[in-house]
Each structure stands twice: as C-alpha cells, then as structure tokens.
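Coordinates in review
Below, each chain spelled out in residue letters.
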Amino acid sequence: MVCLFCYISLTTARILTYTHFLAIIDKLPQVRNGETGDWIGTFSGHKGAVWSTKIDRLTRTLAVTTSGDFTAKLWCATTGKELYEYKHKHVVKSADFSHDTEQFVTGCQDGILRVYNTCSPEAAPLQFNHSNDSVRADPITRVHWGAKDSSNTVVVGRRSGFVELWDVRCPSGEDSGRKPAALRQIEAGSQIIDVELGGSATSSDMLVASGKQVSVLNAELAVVRSYTMPDSMNFKEEGGVSLHPDGKTFMAGASDLWLREFDVASGEVLRTFKGHHGPIRTVRFHPSGKVVASGSEDATIRLWTV
C-alpha cells in the first residue's frame, strides 16, 4: 500500500492513517491511490455521513469508520468487507487504533470514550467518562491514541475546549466517577478542532487547534508554546494543523481559503499556499515531509510540494 497521511479529513472526503483510505460524507468510504488519487474501491454499509476513518498502524489490514448513523464499523481494509458494527448512543465523530491493533477507541457526541477489542468484537466496550453530568454531556470531537512510549493513554478533545489524557488500562463503567490523568482547557468556548501527535513516531508532544490558536502540549498536557493565527483565520468550526517531521515548521489551514506554513521557533508565516475555494477542513504532512495534503469544503484534496 502507498503510505500517505496520518489523518486527512474534509467535508466531503477524508484520508487517514498512513494510507489511501477515504471516507465520504455521502456514506460511502473509499480507497484511493495516495499518489495519483485514482479510485480503488468503495466500502458500503453506513446510513449516515462518515466523519472519520482510520487504518491500523501495524498490519494495514483493518479499518474503522465512524458515522452520523450512530455507529462505528470495523472493516477488512483489503477486501472492503464489513466485519462488525458497533452501535453508539449518538453521532460518532472520531476513532483511532492502538499501536498493537488489539484495540481501537471511539469518541462520541454523548461524551463517552469507548475502547473496543478487535479480537472480540462482540464484547462490551470499556467506557471512560467523568461522573459530573455537565461534563458528561460534553461531546468528544477528537480522539488520538498516545505515543508508543505511553501506549496505554488516549488523548481526547472536547467541544468545550478541553484536552484530556485518559489511562485506558483499567476497566471502568461510565458511572464509576473515573477521572482523566490530566486535562487542559485551551480556549473557553472554542471546541478542539484537531489534535496531532508530534512529527516523530515516539514524540509525546502534540499540536492542538482551537479557536484562534495552535498550541503545543507536552505529555502532561502543559502548554509548551502557543501561536495566534492571522486575523482572517480561526479554528472555530473547521481546520487542521500538522507538524513537519523535522519539527521545524508546521502547516495550518482553517476558516479562510489559504494553507499557511509557520516557523515553529518564531511563529512567523513563512509561506502561503493558495488554491482552495472553500474553508480548509484538515491538513496533514506526508511522513517524508516532502508533501502536505489539505482537504477543503470545496470538495477537493490538494497535494502541495514543500
């Protein structure tokens, strides 16, 4: 399979987790060639818009999709066969596999973090959430499995602007009163739009996009540095951010039509990439750092040489 981007998403299509798997808001996830964009196959089964897709990091043979039809689905990434359907109580916005592929996690608008076992799909999931009712109703917008050196943790982004770090080793019912290992509110009233772990496979730092800011958080969710975006650009409803593998620059795109390259040390805008005709929904670097992808409400994914 052609390696592509960690996480590409947009209003009409998404490419996810180092391969050419796309999810379409018309309910039909697709596989496309990551270098040419050529169509390879379609995954049929969802009854609502597909919000995210991921392919497992280890074998590249399993895929998970999340949808507005209140389900997540596990697929054979090679044949497109649906392996199992996981029912939820609300729209499922995000998912990610563990590094060993034995588990995957989903983030739902009911505020509950669910962890499923890929080897026992019929088993009830582990559920993690606060006991406080006001927090329980806080929808999850992003989930991301932790770095390899902290493989039992999951990063959660919420609509309230909180980023949380959960240890998912211990079983926990949703009413158990369990709390996250760490949490940080980035900007009150601005939802977490994107979360990406650092440019290297072992990095525990993460980029977070929310409101008018891109923030760098460490493994304990302390803010290492923060960047204010240009006046015309915000992450209130859409956007993406991605760190170059060398850690020296990052790309960001959001409410306006432009993709921008920023210097990590100074926060200065180094270059502006123009071509989209709608707000940018997501951004991801190729692992080589030579290409960056952006997805937009104009129904296109664009590949840029950097």
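A few points on the structure. Residue positions are given per chain, counting from 1 as you read along its sequence in written order. Only residues with pLDDT of 70 or above have their local features reported here, since the model is predicted, and side-chain atom pairs are shown and tallied only from 80 upward, although totals for entire chains, interfaces and linings are computed over all residues. The side-chain values count all of the structure's non-hydrogen atoms but skip hydrogen atoms and water molecules.

Some words on the environment of Val208
Keep this limit in mind: A run of H or I in DSSP becomes a helix once it reaches four residues, and a run of E becomes a strand once it reaches two; helices and strands are each numbered from the N terminus. Pairs of residues are marked as contacts when any of their non-hydrogen atoms sit within 4.5 Å.
Tracing the backbone through its elements, the reader meets Val208 in strand S19 (residues 206-210). As a C-alpha pair, Val208 and Leu197 span 11 residues in sequence and 8.8 Å in three-dimensional space. Val208 has contacts with Val163, Ile186, Ile192, Asp194, Val195, Gln213, Val214, Ser215 and Leu217, leaving out every residue within four places of it along the chain.

Here we look at the packing of aromatic side chains
To be explicit about the condition: Two rings from Phe, Tyr or Trp (for Trp, the six-membered ring) form a pair when their centres are within 6.5 Å of each other. A pair whose planes differ by under 30 degrees is stacked, one over 60 is edge-to-face, and the rest are tilted. A ring has a charge above it when a Lys NZ or an Arg CZ is no more than 6 Å from the ring centre and no more than 35 degrees off the ring normal.
All chains considered together, the criterion is met by 10 aromatic pairs. A ring pair is formed by Tyr227 and Phe250, whose centres lie 5.0 Å apart and whose planes are at 50 degrees; its orientation type is tilted. Here Tyr227, found in strand S21 (residues 223-228), pairs with Phe250, found in strand S23 (residues 249-253); they are 23 residues apart in sequence, far enough to count as distant. A connected cluster of aromatic rings, assembled from ring pairs, spans Tyr84, Tyr86, Phe97, Phe104 and Tyr116. Across the ring face of Trp51, the terminal group of Lys93 is positioned such that the distance to the ring centre comes to 4.6 Å. Directly above the ring of Trp258 sits Lys274, whose terminal nitrogen or CZ lies 4.1 Å from the centroid.

So, the sheet that holds strand S16 (residues 162-167)
The strands that make up a sheet pair up through hydrogen bonds in the backbone, lying either parallel or antiparallel. As a reminder, the rule being used: A pair of strands counts as paired when DSSP detects no fewer than two bridges linking them. Angles shown run from 0 to 180 degrees and are taken between the N-to-C directions of axes, each axis being a line fitted to C-alpha atoms and, for helices, limited to the stretch in contact.
Ordered in space as S14-S15-S16-S17, the 4 strands form an open sheet in which the pairing is antiparallel. Each edge of the open sheet carries a strand with a single partner, namely strand S14 (140-145) and strand S17 (182-185). In this sheet, neighbouring strand axes are inclined to one another by 15 degrees on average, regardless of whether the strands run parallel or antiparallel. Sheet analysis places strand S15 (residues 153-158) next to S16, joined by 5 bridges and oriented antiparallel. The partner of Val156 across the bridge, within S16, is Glu164.

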